[in-house]
Amino acid sequence: MRLGVSSTDPVVDARGVIKAYRDGEIRYPALRGIDLQVQAGEFVALMGPSGSGKTTLLQLIGGLDRPDAGQLRVAGYDLPRMDETALALFRRRHVGIIFQYFNLLQHLDAITNVMLPALLAGAGPGEARARALALLERLGVGHLAGKRPPQLSGGERQRVAIARALINEPQLLLADEPTGSVDPVAAGRILDLLAETNAAGQTILLVTHDPAIA
Ligand code: ADP
Ligand code: MG
């Protein structure tokens, strides 16, 4: 349900977002009042040095963790007010995340990795497989569908991770240093793919420590 959401609302609307990590009595601030708006169709690159809170922010926007304070609306959902079940549904249906270290399941082949979010969202196996294969082909790795992540190069794994993030046609694609662990040629191809995806209408928020990427 997306009641009250108008087409002009930003996809991401963060205001005064605060997050700290705790270790016993000690509190380590990670985000000290972040304001960020991302409009539908934008490709936004957010830059900051290592340790500045980029991954933390993406985890909050992706509904994987909660802010301590502040407002955070994503795809029209008021994330801080949602319970765990609602957040799990939100993650499955509305966001795709390309993680900094891929997070592919090592014992499953590429196509099954890509299919999983679709299966979890209720797609039938035949439909999920067809969608996964179409995406892998679009990303130039269709011929690797039957390989497991350890049999793939870094750039190939990253393409599989991109396909997995896109399979449920998310309103928002979050990319955490998506070129951080591949060689420069593979990095260029990944950025081209993201730009192409954005040109087709996909809203993207990418974080990086690299000024050249931003
Ligand atoms: P970035 O992605 O920009 O490198 P992070 O969001 O990973 O930054 O981290 C921001 C700060 O929060 C860092 O000081 C980091 O050490 C700390 N931090 C990140 N995750 C945790 C965690 N799970 N527990 C405790 N501290 C953390
Ligand atoms: Mg990070």
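As shown above, the structure is provided for reference.
Described in the following lines is the structure provided in the data block. (Residues numbered from 1 in each chain as written. Chains lettered and ligands numbered in written order. Predicted model: local features only at pLDDT ≥ 70, side-chain atom pairs only at ≥ 80, totals over all residues. Heavy atoms only, no water.)

### Notes on the coordination of the magnesium ion (ligand 2)
Rules: For Na, K and Ca the donor cutoff is 3.2 Å, while for all other metals N, O and S atoms must lie within 2.8 Å; water is not among the atoms, so some sites may look incomplete. Strands are runs of DSSP state E lasting at least two residues, helices are runs of H or I lasting at least four, and both sets are numbered from the N terminus onward. Think of it in three bands: with a 1.4 Å probe and only protein chains considered, a residue is buried below 20% of the maximum accessible area for its type, exposed above 50%, and partly exposed in between.
Looking at the metal site, the magnesium ion (ligand 2) is ligated by Thr55 (OG1) and Gln100 (OE1), spaced 2.1 to 2.7 Å from it. Taken as a pair, Thr55 in helix H1 (residues 54-61) and Gln100 in the loop between strand S6 (95-98) and helix H3 (110-120) lie far apart in primary sequence, 45 residues in all. Under the relative-accessibility criterion, Thr55 is labelled partly exposed at 29%.

### Topic: the packing of helix H4 (residues 125-138) against helix H5 (residues 154-166)
Formally: Orientation is described by lines fitted to C-alpha atoms, with helices fitted over the stretch in contact, and by angles between N-to-C directions that extend from 0 to 180 degrees. Throughout this description, any angle smaller than 35 degrees is read as roughly parallel, any larger than 145 degrees as roughly antiparallel, any in the 65 to 115 degree range as roughly perpendicular, and the remainder as oblique. The handedness criterion is simple: a crossing whose near helix is rotated anticlockwise from the far helix by less than a right angle is left-handed, and one whose near helix is rotated clockwise is right-handed. The contact criterion used throughout is that any non-hydrogen atoms of two residues lie within 4.5 Å. Each residue gets one label: Ala, Val, Leu, Ile, Met, Phe, Trp, Tyr, Cys and Pro are nonpolar, Asp, Glu, Lys and Arg are charged, and the others, such as Gly, are polar.
Axis separation between H4 and H5 bottoms out at 9 Å; the angle between their running directions is 135°. As the angle between them shows, H4 and H5 are arranged oblique. H5 is crossed by H4, and the crossing has right-handed handedness. Between H4, through Leu135, Leu136 and Arg138, and H5, the contact on the second element is made entirely by Val160, Ala163 and Leu166. When its residues are assigned to classes, the contact of H4 with H5 shows five nonpolar, no polar and one charged.

### A closer look at the packing of aromatic side chains
Under the convention used in this document: For Phe, Tyr and Trp, rings pair up if their centres lie within 6.5 Å, where Trp contributes its six-membered ring, and each pair is then called stacked (planes under 30 degrees apart), edge-to-face (over 60) or tilted (otherwise).
This structure, assessed with the given rule, holds one aromatic pair. With centroids separated by 5.7 Å and ring planes inclined at 65°, the aromatic side chains of Tyr77 and Phe90 adopt a geometry described as edge-to-face. Highlighted residues: Tyr77 in strand S5 (residues 77-78) and Phe90 in helix H2 (residues 84-94), separated in sequence by 13 residues.

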